[in-house]
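# Structural description and commentary
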Amino acid sequence: MASRIGKQRKQKKYSEGGVVFTPAFIARIPSAAAAKGTDDASDDDASSDEFRAALATFWARLRGFTALGSAEAELDGVRDLVGALAALARACDRDGADDVPIADDDVNDDAPPTGERELAFVAAARAFFGVMFLPNSRQLHRALITSRKKLGARGASLAESALLAETSAAIDDALAELKGDAIDGRPTATVMRPATALASVNMVQPQGWAERRVLRGVAVRAASLVAAGIDGMIDETLRGRRVPPTEMEIAHDAVAVAYSLVQRHLPSIVNVNVPGSSPAGGVNAIAALARALARILGEDGAGLSREAAVSAGVAFSALLGVGVTHEEHACALADAFFPSVPSGNETSTSTSTSTSTSGGWRVANGVGATPIDSLLVLAKGFGFESTKTIKDESTGAFKDFPSLASSFSAFGTLSAVRGALTAASPEALSIELARPGGTNRDCQAGDWRFLVDGALPEICAWMEHPVDQHFKFHASAALKSALTRAKACVAVSDESFAMPPPLVDRVLTALWANWEDPLSQTVKEVQGAFEALADLFSTSETFLERVASRLLERGASSKGRYVPLAALVPKLGARKLLGIRPNLLEESLDAMRDDSVCCAAGTLIKELSAKLLDEMEEEERAAAPVGSGIEPGTPERPSSERWVIGNGSGKRGGVDKGKGRGRDEVCIREGGGAAVAAWRRWWIPPTLAALLKPGRERAGCAQYALPHLMRQDAASIVFLLERLKRMGRKRKVVASEKDANEGDEAASSSEEEARREEALRAAGVGVTTLKLPGEGDDDDDDDEDAG
């Protein structure tokens with residue numbers, strides 16, 4: 001499974017065949033004669049000729065671009081196409097305002113295109129941006145979108161209007177095709193291709209106001225397109241069609257666009273006061289989008305990718321926080337994902353058997369209406385028709401978000417809770433709520449928090465009882481996200497936010513059980529979750545020591561203990577870790593006989609040795625007399641200066657200030673203080689012992705441990721070789737003494753044997769010599785028989 005997931009992530013989002021230019025797009029390119037166009041009669045002949053030549057050049061470049069036929073050639077050819085459009089913009093600008101900076105603010109006050117020149121430029125720009133909506137054009141999106149910055153002030157404004165017009169037309173055509181059932185047997189994902197272009201507009205970096213204005217101008221229709229397209233794709237899977245990976249990417253892009261619409265552009269859907277918004281039908285579009293997201297997270301969405309479900313969970317949770325306070329958002333999340341919780345101090349889970357009425361958290365805490373009700377009331381206040389129940393032909397009546405969340409599958413609930421950790425603010429995650437149906441004391445003093453009492457216990461339960469290995473991977477990713485957000489909650493709550501010890505133990509138990517999971521992605525997420533937990537308790541020395549002791553109890557052959565121990569070293573300290581296990585270096589080097597442990601053990605040795613050296617140098621600095629000028633390891637130079645062995649880049653023999661050192665460059669200290677000498681005495685003997693062993697640990701130590709130690713202090717190679725030389729001499733002496741002893745023993749035994757035989761002969765006892773079978777024995781036997 002790990003290899004399958006890896007291949008899916010590394011898969012290109014476009015084929016090498018290049019853009020598929022449709023006949024309709026080819027028909028938009030005028031012929032060579034018509035490409036020259038007409039011009040205003042008031043223009044002088046020179047400017048008219050320049051504009052007509054630039055226009056003809058652009059259409060000729062675009063016509064040649066359609067014949068390139070490969071993605072690599074198109075990536076190179078798009079530069080020439082952008083240059084031709086920029087030349088056309090300069091020829092179109094009558095006032096010569098190329099040097100005027102492009103305005104980048106919320107409102108575009110430029111006049112619409114006027115005159116035949118500007119209209120011709122907009123037509124060319126629309127065809128230029130129309131490439132984004134063709135099949136297999138993903139690799140060109142960034143170059144096309146960012147070309148606006150090369151067109152001058154007026155050209156950029158006209159290009160923005162062209163992009164908005166082309167995007168609107170593409171979305172309108174797709175909506176008409178989806179709602180009119182005129183797809184002609186094509187997959188729904190191919191009709192949703194404008195969502196991929198919108199995703200590129202949304203994700204371009206840096207994103208300016210022009211891109212935001214384009215998204216805002218099509219927000220309502222984009223939400224309707226995403227909702228209708230997702231519903232269509234789900235219906236296809238329910239009819240038995242298998243969605244290929246390329247179409248899965250389109251669905252993922254569509255959900256990403258939905259999240260952007262909710263987070264950044266929702267006011268433009270329902271508020272007429274936002275410039276450029278078109279709120280007609282906005283409430284119905286948002287309601288349809290909420291239902292589509294719920295279908296992805298439900299059993300119907302099992303045919304789509306789980307990555308799309310994760311994105312849908314974030315968008316759904318963001319919808320719950322539209323226009324609400326932190327407390328209202330927390331209540332909305334609790335009503336949706338944890339409608340049933342015990343009233344006491346028991347662990348709450350969304351699968352609890354006890355039930356509560358919809359909106360129980362909101363009622364118990366005395367907050368306002370749910371977010372969807374607030375949205376409907378807001379839209380109704382501006383004169384748009386809306387009702388509490390919005391009808392839908394495929395999914396029935398829209399009630400509220402808790403009713404939608406009740407239909408989620410196990411993975412859908414996991415994705416939604418994980419999305420809430422991303423979409424909700426730290427204040428909403430850490431605010432204390434009164435439990436619904438609790439006692440008066442419980443209602444007066446809230447004791448339930450979404451992150452600590454809701455999300456974390458539920459995520460631990462999912463890791464303890466996963467549906468499958470991939471489900472556990474997403475649960476471990478959710479655990480990492482939850483622990484990371486817990487640190488943000490501590491920052492905003494003045495350290496009053498705390499995790500109860502039983503929950504911490506449960507989290508640690510879940511981590512211990514998955515250190516060596518068969519899925520490597522799960523192991524990485526678990527390691528990241530542990531680092532987040534260690535960061536959360538970085539000031540608790542007792543906690544860090546307890547965790548380190550539990551890790552060390554796992555044994556040297558356990559691969560899963562080394563990376564977490566390496567993460568603990570900077571927080572706990574090398575001295576304290578070695579105080580718990582003094583022979584940790586020897587254990588780690590000995591464990592390198594196992595190839596699967598070498599890399600992880602080398603990571604621990606790297607962090608442990610570096611931290612120990614820093615601590616020893618700090619101790620030496622603190623113990624030095626005031627005013628002596630002694631710095632750690634370098635009595636005559638500051639500690640930041642190191643002699644460098646270069647890699648041929650001109651740094652050989654220079655002084656490195658800690659900036660720009662190459663990968664192959666190592667540090668050599670001038671001289672060496674007591675701290676460096678003590679540090680060398682700590683690691684050189686056990687490392688030499690491992691290097692001289694005949695087993696596999698010798699290769700592991702040389703490849704994974706020694707390079708890290710040499711990079712930290714390359715001068716140690718001198719002391720390493722000296723000790724190795726002394727050990728070699730000692731071994732030779734021992735070997736020669738052993739050979740001499742063996743020779744003396746052999747001579748004495750021979751003399752003893754001779755004396756014994758002589759004594760036997762003197763006693764008249766015959767001595768017989770037995771011959772062992774060997775070559776020639778058969779011949780001897782034959783000779784004896786013949787005789």
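Residues numbered from 1 in each chain as written. Predicted model: local features only at pLDDT ≥ 70, side-chain atom pairs only at ≥ 80, totals over all residues. Heavy atoms only, no water.

## Observations concerning the overall build of the protein
- For the protein, the count of helices and strands is 35 helices and three strands.
- Within the protein, buried positions represent 49% of all 787 residues.
- Within the protein, contacts between residues separated by at least 24 positions form 73% of all contacts whose residues are at least 6 apart in sequence.
- Accessible surface computed for the protein: about 37,400 Å², of which carbon and sulfur atoms make up 52%. (Helix = DSSP H or I, 4+ residues; strand = E, 2+ residues; numbered from the N terminus. Buried < 20%, exposed > 50% of the residue type's maximum accessible area, 1.4 Å probe, protein only. Contact = heavy atoms within 4.5 Å. Areas by Shrake-Rupley, 256 points an atom, 1.4 Å probe, with all protein chains shown as cover.)

## Things to note about the pattern of salt bridges
- All chains considered together, the criterion is met by 29 salt bridges.
- Ionic pairing is found between Glu 118 and Arg 154, a salt bridge with its closest N-O pair at 2.9 Å. Remark: Arg 154 occurs in helix α7 (residues 152–179) and Glu 118 occurs in helix α5 (residues 115–130); sequence separation between them is 36 residues. We note that Glu 118, like Arg 154, is buried.
- For Lys 576, the salt bridge identified is with Glu 541, shortest N-O distance 2.5 Å. Of this pair, Lys 576 sits in helix α29 (residues 574–580) while Glu 541 sits in helix α27 (residues 541–552); the two residues are 35 residues apart in sequence, bridging distant segments of the chain.
- For Lys 576, a relative accessible area of 35% corresponds to the partly exposed category.
- Shared partners join several salt bridges into a network, and the residues in it are Asp 231, Asp 235, Arg 295 and Asp 300. (Salt bridge = Lys/Arg side-chain N within 4 Å of Asp/Glu carboxyl O.)

## Things to note about unusual backbone geometry
- You will see that Asn 136, though not glycine, has its phi angle at about 60 degrees, which is positive.
- With respect to the helices and strands, the residue Asn 136 is situated in the loop between α5 and α6 (141–146).
- Taking the relative accessible area as the measure of exposure, Asn 136 reaches 18% and is therefore buried.

## What to know about the packing of α7 against helix α10 (residues 209–217)
- Look at α7 against α10: their axes get within 10 Å of each other, and the N-to-C directions meet at 30 degrees. Between α7 and α10, the angle is such that the two are roughly parallel. Between α7 and α10 lies a crossing of right-handed hand. Where α7 abuts α10, its residues Glu 160, Leu 163, Leu 164 and Thr 167 lie against Ala 210, Arg 213, Val 214 and Gly 217.
- In terms of residue class, the contact of α7 with α10 is built from four nonpolar, two polar and two charged. (Axes fitted to C-alpha atoms, helices over the stretch in contact; angles between N-to-C directions. Parallel < 35°, antiparallel > 145°, perpendicular 65-115°, else oblique. Left-handed = near helix turned anticlockwise from the far one by under 90°. Nonpolar A, V, L, I, M, F, W, Y, C, P; charged D, E, K, R; others polar.)

## Quick look at the packing of helix α20 (residues 410–423) against helix α23 (residues 450–464)
- The contact between α20 and α23 brings their axes to 11 Å, and the two run at 140 degrees. The hand of the α20/α23 crossing is left-handed. Taken together, the residues of α23 that come into contact with α20 (itself represented by Thr 413, Leu 414, Val 417, Ala 420 and Leu 421) are Phe 450, Leu 451, Ala 455, Ile 459 and Trp 462.

## Re α10
- Extensive coverage of α10 is indicated by the burial of seven of its nine residues.
- All of the buried residues along α10 are Ala 210, Glu 211, Arg 213, Val 214, Leu 215, Arg 216 and Gly 217.

## Some words on a nonpolar patch on the surface
- Judged by side-chain polarity, Ile 717, Val 718, Phe 719, Leu 721 and Leu 724 come together as a nonpolar surface patch covering roughly 400 Å² of accessible area.
- With respect to the helices, strands and loops of the structure, Val 718 is situated in helix α34 (residues 716–762). (Patch = residues over 30% accessible without salt bridge, like charges linked within 9 Å, V, L, I, M, F, W, Y side chains within 5 Å.)

## Some thoughts on the environment of Leu 572
- Residue position: Leu 572 is located in helix α28 (residues 562–572).
- Overall, the relative accessible area of 6% leaves Leu 572 in the buried class.
- Taking C-alpha positions, Leu 572 is 9.7 Å from Ala 534, a pair spaced 38 residues apart along the chain.
- Leu 572 has contacts with Glu 541, Leu 544, Glu 545, Ala 548, Leu 577 and Ile 580, leaving out every residue within four places of it along the chain.

## Observations regarding the packing of aromatic side chains
- Counted by the stated rule, this structure contains 16 aromatic pairs.
- Centre to centre, the rings of Phe 58 and Trp 59 are 5.4 Å apart; their planes meet at 70 degrees, and the pair counts as edge-to-face.
- Ring pairs connect the aromatic residues Phe 338, Trp 361, Trp 448 and Phe 450, which therefore count as one cluster. (Phe/Tyr/Trp six-rings, centres within 6.5 Å; stacked < 30°, edge-to-face > 60°.)

## Re helix α14 (residues 282–297)
- Spanning 16 residues, α14 covers 23 Å between terminal C-alpha atoms, matching the ideal 22 Å at 1.5 Å per step.
- Here α14 lies mainly inside the structure; 15 of its 16 residues are buried. (Expected span 1.5 Å × (residues − 1).)

## Quick word on the environment of Gly 130
- On the secondary structure map, Gly 130 appears in helix α5.
- Among the residues examined, Gly 130 registers a relative accessible area of 4% and is labelled buried.
- Not counting the four nearest positions on each side in its chain, Gly 130 is found in contact with Phe 25, Arg 28 and Glu 166.

## Some words on the state of the cysteines
- By the definition in use, this model includes zero disulfides.
- The thiol of Cys 599 is unpaired, and the distance to the nearest cysteine sulfur, on Cys 598, comes to 8.6 Å.
- Cys 599 sits in the partly exposed class, given a relative accessible area of 49%. (Disulfide = S-S within 2.5 Å.)

## Brief notes about the confidence of the model for the protein
- The pLDDT averaged across the protein works out to 76; a share of 69% of its residues lies at or above 70.
- Here residues 377–397 scores under 50 on pLDDT; set against residues more than four positions off or in separate chains, the count is 34 contacts. (pLDDT = per-residue confidence, 0-100.)

## Considering the environment of Gln 469
- Tracing the chain through its elements places Gln 469 in helix α24 (residues 469–492).
- On the accessibility criterion, Gln 469 (34% relative accessible area) is partly exposed.
- Distance from Gln 469 to Thr 522, taken between C-alpha atoms, is 8.5 Å for residues 53 residues apart in sequence.

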